[in-house]
Amino acid sequence: MPQGTLCRALPVQNEEELKELLADTGGKKYYAEMQELDVDADKLAATLQKTLKSRLRTWLNICAKCGMCAESCFLYRIHNRDPKQVPAYKIQSTLGEIVRRNGKVDNKFMQHCMYTAWAKCTCCNRCGTYCPHGIDMGVMFSYLRGLLFSQGFVPWELKIGSGMHRVYRAQMNVTEEDWVETCEWMAEEQQEEYPLLEIPVDKVGADIMYTCNAREPKHYPEDIAEMAILFHIAGEDWTVPSKGWEQTSLSMFAGDWEACTMQVKEVYDAMERLKPKRMVGTECGHAHRATVIEGPYWAGREDGLPPVPCQHYVEWLAEALRLGKIKIDPAKRIKEPYTIQDSCNYVRNHGIKKAVREVMSYLADPSYYRPMEPELEHNYCCGGGGGFNGIGLYRNERNFALMTKRDQILATGAKLVIAPCHNCWDAIRDLEEHFAIGIRWSFLKPLVVHSAIIPEHLKPQEEEEMEEEA
Amino acid sequence: MYDFLTGPMLYLSLAIFIGGCIWRVVWYIRGLDQKLDRVAYKAHLEHGLKHAARSVLAFIIPFASHTWRAKPAMTIATFLFHFAIVGIPLFAPAHTTLMDQWLWIAPLSLPQSVVDFLILMFFISAGFLILRRIALPEVRILTNWQDVMVLAITIAPFITGVLASTHTGDYQFWLNMHIFCGEVMLIAIPFTKLSHFVLFFMSRGQLGMDFGIKRGGLKGTKFAW
């Protein structure tokens, strides 16, 4: 049973292995080893026996093969209605075949499955809502990803991603010290403008515990600063945990369920430790899905809910504006047409439909709103969901897939795209880079920080101080 | 042959059909797994069932869901096909008389003219579904021999029924064939994708519960199916 040194069924065990994987630029050796990787058919059959229960078996068996799911899939539409992109075909020709052969499949077939699972489906779950039988192929592809991961057939970046969660409990190599230092640094940076601003770490019993995406401390620390400014302006009693601050889960994209459990338990432990009244997570779709929607099940919680009530950032922002905790300067309102990118992970898959629109109603006159067609829970994936954005091997396919969103945005005529999701934000940035359609895109935090009125008592007291000194 | 088909074979096929359908439902519900499905069925059962009902209703009422509105011709064909396939066996006068005689139950009969109209609609919709399966690449690619067999199994009782009732050719032969084909269909339901006769309600209901419990329903939002 040839297992590679980098490409193998075993997940990443330690930092050393992770570094070896990272050193293999572009996954060259990793993918070469994948060509020789054996399939453990007995293990696959045993996993099917244990985990493929009535819901998934029924979905595979009662598919009417009506093709009604075809038009629901943005990848089918953008690929000139290629029948091989029909969701039912994609799942029947991969997972369906593995089940029919009871796991007796070869390396070539597993690589075909890997390509289909990560380059032909973003797990946006749109098809399931259109299938008359309610067959959710996104859920099935997620299950297939789990099978593939368990056999070592997973794109290089996602093997690394899940390894990061296993080693650092974060999708990037950000340690506890890095995180706390970044918070301190960001707080200090803002204190000239907001003298009383702090980022309280590990405060027990705060109203809000904030969690974020590791790329914020790693690459976009200004996002943490903006979050702190807005909590500060709103007068919230809040904190961040020193441990359990990372809300995302690339392991969810990878199908590494064990790592998903490790990751989410870290966040839930922070909730149990700090006992906040609620958790607010950053503007990230998959982070919300991993920690709030799917996480309770990985953590074995019977009620299917996290230990404390959780909100997506857009929900907290809408509430803060609604309650007048944050007020918008009318002179700084947006005065141009804008459109909204609805994230699959928290709009379609968690029903948070109104919050972004409510926030925008404070930031701009509603007459500037140019809805995408379709929108809300029927919106199309940004084109880079489910890990698609991050897989170098499928970069061409991902770039092609971005055309759906490009055309949706162009049809609105708006030049400003509100994208309160890291994944969507990236995809829209990349589509602008690739197609140069002349748009700008933004999270909500910077827009609100720009337009918010700073309460007098929070402003620097320079004049008074000078008088006192005199 | 007639006596056999209307005697032991009838009771056997009905027993397999009813028992098989019950088994399918029980098997489905028993196989639901909170951890694997990632849906907290038990903790939010009542709430989930309400959303299950919403989901099922959106798909058993013509044009109630986005899917049905997006494909009006397919929607009409699908609903006519299903109305006929459920309605004619249960409410055709020729059947209700025999049901009264053999099974001691007598449901209300539909007027023969309505049944004739439904039969015509059945053949038109079945023809549409067959043509669609051949003509549309996105449907053709999904079709295998089992799908053709299942379609043949559902259409055969109608063809033989028309031949028998119109006394075309050998009446007794077509009558026997009609009963036989009907019984084959009943037996096939629990064992083929025709099990969607009951599993549609399970599957659609489950996705409704999924959205009702996990994917937004507990936040008070309703998915616009």
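Residues numbered from 1 in each chain as written. Chains lettered and ligands numbered in written order. Predicted model: local features only at pLDDT ≥ 70, side-chain atom pairs only at ≥ 80, totals over all residues. Heavy atoms only, no water.

Caption draft 1: Spotlight on the nonpolar core. If you look at the biggest cluster of nonpolar residues, it comprises 203 residues, and the most contacted ones within it are Trp316(A) and Ile326(A). The contacts of Trp316(A), once residues within four sequence positions are left out, are Ile208(A), Leu230(A), Phe231(A), Ala234(A), Glu236(A), Arg278(A), Val280(A), Gln311(A) and Ile326(A). Counting residues in each nonpolar core, the second largest holds 7 residues, with Ala40(B), Tyr41(B), Ala52(B) and Ile213(B) among its members. (Core = buried A, V, L, I, M, F, W, Y, C linked by side-chain atoms within 4.5 Å. Buried < 20%, exposed > 50% of the residue type's maximum accessible area, 1.4 Å probe, protein only. Contact = heavy atoms within 4.5 Å.)

Caption draft 2: Main features of the domain arrangement of chain A. Residue and element names in this part refer to chain A. Here chain A is described as being made up of domain 1 (39–154), domain 2 (167–322) and domain 3 (330–451). Using only C-alpha atoms to locate each centre, domain 1 and domain 3 end up separated by 28 Å. At the interface, 18 residues of domain 1 touch 20 residues of domain 3. For the domain 1 and domain 3 pair, buried surface summed over both sides reaches about 1,700 Å², with 62% attributable to carbon and sulfur atoms. Ranking the residues of domain 1 by area buried against domain 3 places Phe-74, Ile-78 and Arg-126 at the top, with a combined share of 35%. At the boundary of domain 1 and domain 3, one finds 0 salt bridges. For the interface between domain 1 and domain 3, the tally reads 7 residue pairs in polar contact (both at pLDDT 80 or more). Residue assignment for the side of domain 1 that touches domain 3 shows that the elements contributing at least two residues are helix 5 (74–78), helix 7 (107–119) and helix 8 (126–130). Residue composition of the side of domain 1 that touches domain 3, grouped by class: 9 nonpolar, 5 polar and 4 charged. (Domains from an automatic or database assignment. Buried area = accessible area lost by both parts, 1.4 Å probe. Salt bridge = Lys/Arg side-chain N within 4 Å of Asp/Glu carboxyl O. Polar contact = N/O pair within 3.5 Å; in protein donor to acceptor, adjacent residues only side chain to side chain. Helix = DSSP H or I, 4+ residues; strand = E, 2+ residues; numbered from the N terminus. Nonpolar A, V, L, I, M, F, W, Y, C, P; charged D, E, K, R; others polar.)

Caption draft 3: Quick peek at the packing of aromatic side chains. Scanning the entire structure with this criterion turns up 27 aromatic pairs over all chains. Geometrically, the ring pair formed by Tyr30(A) and Tyr31(A) is edge-to-face, given 5.3 Å between the ring centres and 80 degrees between the ring planes. In terms of burial, Tyr30(A) and Tyr31(A) fall into one category: buried. Plain terms: the ring middles of Phe59(B) and Trp225(B) are 6.4 Å apart, the flat faces sit at 70 degrees to each other, and that makes the pair edge-to-face. Of this pair, Phe59(B) sits in helix 4 (residues 45–60) while Trp225(B) is found in the segment after helix 12 (196–214), placing the two residues 166 residues apart along the sequence. The exposure class assigned to Trp225(B) is buried, which follows from its relative accessible area of 6%. Note that Arg101(A) overlies the ring of Phe109(A), its terminal NZ or CZ placed 4.7 Å from the centroid. Taking NZ or CZ as reference, Arg24(B) lies 5.6 Å from the ring centre of Trp27(B), over its face. (Phe/Tyr/Trp six-rings, centres within 6.5 Å; stacked < 30°, edge-to-face > 60°. Lys NZ or Arg CZ within 6 Å of the ring centre and 35° of its normal.)

Caption draft 4: Region of the structure containing the pattern of salt bridges. Residues and elements named next belong to chain A. This structure, assessed with the given rule, holds 38 salt bridges over all chains. Two residues, Arg-81 and Glu-71, come together in a salt bridge whose shortest N-O distance is 2.8 Å. In this pair, Arg-81 sits in the loop between helix 5 and helix 6 (87–100) while Glu-71 sits in the loop between helix 4 (54–62) and helix 5, placing the two residues 10 residues apart along the sequence. You can call Arg-81 partly exposed: its relative accessible area is 40%.

Caption draft 5: Structural context of the sheet that holds strand 6 (residues 416–418) of chain A. Residue and element names in this part refer to chain A. Taken in spatial order, the 3 strands line up as 5-6-7 in an open sheet, and their pairing is parallel. The two strands at the open ends of the sheet, each matched to only one other strand, are strand 5 (338–340) and strand 7 (440–442). For this sheet, the mean inter-axis angle between neighbouring strands, taken without regard to orientation, is 25 degrees. Judged from the 3 bridges that link them, strand 5 and strand 6 form a sheet pairing that is parallel. Within strand 6, the position partnered with Thr-339 by the bridge is Val-417. Against the sheet, helix 19 (residues 355–363) touches strand 5 and strand 6, its axis set at about 160 degrees to strand 5. (Pairing = 2+ DSSP bridges. Axes fitted to C-alpha atoms, helices over the stretch in contact; angles between N-to-C directions.)

Caption draft 6: Looking closely at the interface of chain A and chain B. With 56 residues of chain A in contact, the opposing surface of chain B contributes 51 residues. Each partner contributes to the roughly 4,400 Å² buried at the junction of chain A and chain B, and carbon and sulfur atoms together form 58% of this total. Of all residues in chain A, the largest losses of buried area upon contact with chain B belong to Arg55(A), Lys65(A) and Tyr297(A), amounting jointly to 17% of the total for that side. At the junction of chain A and chain B, the tally comes to 7 salt bridges. Note that Lys65(A) and Asp147(B) form a salt bridge whose closest N and O atoms lie 3.1 Å from each other. Seen at the junction of chain A and chain B, the total is 30 residue pairs in polar contact (both at pLDDT 80 or more). Contributing elements (two or more residues each) for the side of chain A that touches chain B: helix 3 (41–51), helix 4, helix 6, helix 8, helix 9 (137–150) and helix 16 (285–298) of chain A.

Caption draft 7: Looking closely at the state of the cysteines. Residues and elements named next belong to chain A. Summed over all chains, the structure comprises 0 disulfides over all chains. Cys-113 provides the cysteine sulfur closest to Cys-7, a residue in no disulfide bond, and the two sulfurs are 15 Å apart. For Cys-7, a relative accessible area of 0% translates into the label buried. Of all cysteine sulfurs in the structure, the one in Cys-66 sits closest to Cys-69, which takes part in no disulfide; the separation is 6.5 Å. In this structure Cys-69 comes out as buried when scored by relative accessible area, which is 5%. (Disulfide = S-S within 2.5 Å.)

Caption draft 8: A look at the environment of Phe153(A). Residues and elements named next belong to chain A. Mapped onto the fold, Phe-153 is located in the loop between helix 9 and helix 10 (156–168). What makes Phe-153 buried here is its relative accessible area of 0%. Residues Phe-153 and Met-110, spaced 43 residues apart in sequence, show a C-alpha to C-alpha distance of 6.8 Å.

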